[in-house]
Amino acid sequence: MIVANIDASKLTKTLTTKPKALLDPQQLDFGKNFTDHMLCIKYTEDKGWEAPEIKPYGPLEIDPASFVLNYSVETFEGMKAYRASDGTINLFRPQKNMQRLATSSQRIMLPEFDQEQFLECIKQLVRTDERFVPNDYGYSLYIRPNFIGTEPNLNLKYSREALLYVYLSPVGPYFPRTVKLYANTEEVRAWPGGVGNYKLGGNYAPALRPAMDVVKKGYDQILWLLGDDHYVTEVGTMNFMIFWITETGEKELVTAPLDGIILPGVTRDSLLELARQWGEFKVSERKVTMPEVVKAIEENRMLEAFGAGTACVVCSVSTILYNGKEYEVPVDPKDPNAVFGPLTKRLRDELLDIQYAKKASPWTVPV
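Position numbers for residues count from 1 along each chain, tracking the sequence in the order it is written. Local features in a predicted model are, by the rule used here, given only for residues with pLDDT of at least 70; side-chain atom pairs are given and counted only at 80 or more, and totals for whole chains, interfaces and linings are based on all residues. Excluding hydrogens and water, the side-chain figures rest on all heavy atoms present in the structure.

Q: Please explain the state of the cysteines as it appears in this structure.
A: By definition, a disulfide links the sulfur atoms of two cysteine residues through a covalent bond. Any two cysteine sulfur atoms lying within 2.5 Å of each other are counted as a disulfide. Taken as a whole, this structure holds 0 disulfides when the rule is applied. Here Cys 312 is not cross-linked by a disulfide; its sulfur's nearest cysteine counterpart is in Cys 315, at 4.3 Å. Each residue is assigned to one of three classes by its accessible area relative to the maximum for its type, calculated with a 1.4 Å probe on protein chains only: buried under 20%, partly exposed between the two thresholds, exposed over 50%. Looking at Cys 312, the relative accessible area reads 8%, which means it is buried. What makes Cys 315 buried here is its relative accessible area of 1%.

Q: Mind showing me how you'd approach the side chain of Asn 239 here?
A: Structurally, Asn 239 is set in strand S13 (residues 238-245). You can call Asn 239 buried: its relative accessible area is 5%. Side-chain atoms alone can form a polar contact between residues adjacent in sequence; in general such a contact is a pair of N or O atoms within 3.5 Å, and within protein one must be able to donate a hydrogen while the other accepts it. Within the structure, Asn 239 has its side chain in polar contact with the backbone oxygen of Leu 263 (distance 3.1 Å). We call two residues in contact when some of their heavy atoms are within 4.5 Å. Excluding its chain neighbours within four sequence positions, the residues that come into contact with Asn 239 are Glu 234, Ile 262, Leu 263, Gly 265, Arg 268, Phe 306, Gly 307 and Ala 308. Secondary structure follows DSSP: runs of H or I at least 4 residues long count as helices, runs of E at least 2 residues long count as strands, and numbering of each begins at the N terminus.

Q: I would appreciate a short explanation of the nonpolar core in the present structure.
A: Here is a general trend for soluble globular proteins: nonpolar side chains tend to be buried in one another's company. Within the largest apolar cluster, 38 residues are counted, with the highest numbers of intra-cluster contacts made by Leu 39, Phe 113, Phe 118, Ile 122, Ile 143 and Leu 164. Elements with a contribution of two residues or more to this core: strand S2 (37-44), strand S6 (79-83), strand S7 (89-92), helix H2 (94-107), helix H3 (115-128), strand S8 (140-149) and strand S9 (161-171). Top contributing element to this core by residue count: H3, with 6 residues. Here Ile 122 is in contact with Leu 39, Met 79, Met 98, Ile 143, Pro 145 and Val 166, once residues within four sequence places are set aside. In this description, a nonpolar core means a group of buried Ala, Val, Leu, Ile, Met, Phe, Trp, Tyr and Cys residues linked to one another through side-chain atoms lying within 4.5 Å. By size, the runner-up hydrophobic cluster in this structure holds 27 residues, among which are Ala 183, Val 293, Ile 297 and Val 329.

Q: Looking at this structure, I do not really get the pattern of salt bridges. What am I missing?
A: Pairs can form between side chains of opposite charge once their charged atoms are near each other. Salt bridge criterion: a side-chain nitrogen from Lys or Arg within 4 Å of a carboxyl oxygen from Asp or Glu. Evaluated as defined, the whole model comprises 21 salt bridges. Between Arg 189 and Glu 234 there is a salt bridge, with the nearest N and O atoms lying 3.3 Å from each other. One end of the pair, Arg 189, is in the loop between strand S10 (179-184) and helix H4 (208-216); the other, Glu 234, is in strand S12 (residues 231-235), and 45 residues separate them in sequence. The class of Glu 234 is buried, set by a relative accessible area of 3%. Residues joined in a network through salt bridges with shared partners are Glu 247, Lys 295, Glu 299 and Arg 301.

Q: Please clarify how a nonpolar patch on the surface should be interpreted in this entry.
A: A surface patch of nonpolar side chains, amounting to about 320 Å² of accessible area, comprises Tyr 71, Leu 154 and Leu 156. Summarising the element assignment, Tyr 71 is placed in helix H1 (residues 67-71). Within the patch definition used here, like charges are joined within 9 Å and nonpolar side chains (Val, Leu, Ile, Met, Phe, Trp, Tyr) within 5 Å, considering only residues with over 30% relative accessible area and no salt bridge. Note that accessible areas follow from Shrake-Rupley with a 1.4 Å probe, and for residues the cover is restricted to the protein chains shown.

Q: I tried to follow the packing of helix H5 (residues 266-278) against helix H7 (residues 342-355) on my own but got confused; where do I start?
A: The description of two helices packed together rests on the angle between their axes and the distance between the axes. Comment: axis = line fitted to C-alpha atoms, over the contacting stretch for helices; angle = value between 0 and 180 degrees taken between N-to-C directions. Across the interface, H5 lies against H7 with an axial gap of 11 Å and an inter-helix angle of 105°. When the axes of H5 and H7 are compared, the pair comes out roughly perpendicular. Contact residues: H5 offers Thr 267, Ser 270, Leu 271, Leu 274 and Trp 278, while H7 offers Leu 343, Arg 346, Leu 347, Glu 350, Leu 351 and Ile 354. Gly falls in the polar group here, along with every residue not listed as nonpolar (Ala, Val, Leu, Ile, Met, Phe, Trp, Tyr, Cys, Pro) or charged (Asp, Glu, Lys, Arg). Split into classes, the residues belonging to the contact of H5 with H7 amount to 7 nonpolar, 2 polar and 2 charged. Throughout, the term roughly parallel applies to angles under 35 degrees, roughly antiparallel to angles over 145, roughly perpendicular to angles from 65 to 115, and oblique to all others.

In structure tokens, the structure reads:
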């Protein structure tokens, strides 16, 4: 039997009768304010994908016995829409998000979907709520696609019913300052053979308590380590990058490889590609251990370190606590008040110029 796939041409739209007031950009805390509408697309194994629907933002009706509520059958994405100086709105490499969502959903046996048609539905949602896309440079409209198993069934097989839904949130800068890291030697975020390279909701909940514990100790994020050699993996929910001088005297930008533990971040991939295009220093994806990081700091070979992700873009690291000792990480030796290191700022500025269409790039996709 042939079942229906997502068809953006069949999308229906019901507009809200109670439009929300726009907030001042300075009031936009990350992920706390939402637009007027959301996109919902239902799936059943017998009939396939139903017609997409844009409707007023509001609660979902989900059976208490559904797979998502009992077995965490859920994956999601994080994307942004950006308003250029001429008023046009663009997405940034959205096909990467569609591919990652498809890969993650296959891991938890959610149904396949037409990535291009789903992306077209997302574009229509953004167009519907385009008044919420901030005008200010550095501000954007965060897009959160979610994919959940909704069948009410406690048998551990797979969900024969599913829901794709998307909502939007206008946001400002996530980390407009440097961050202090706590290198965790006791708990791990992901492990070989696990699901650390998939964007699953179940990967995030176990990290909440350790993350809150380090905040109480005066730190901003966890630097996740793995194994007896304390392999440096990720920072909080971001990819982690180091810019240093190697023991052989070579400048290198290095980050952990996509070895099944690391989430393949879109920002991560973009920054690596930009740095490789410049051709000014070595760019590597390889394992680095915390003792190597300490040695580089103690020998004054550490130049910068930063986290990278959709929410924050980049954020410079100023301090790392490891085995009870704090290590200061250089930010910008020429400016004690700098919130970005020179390379971090250069990468950030280059990426933002592409995202806000100041610089032409195939990565910019019009809505």
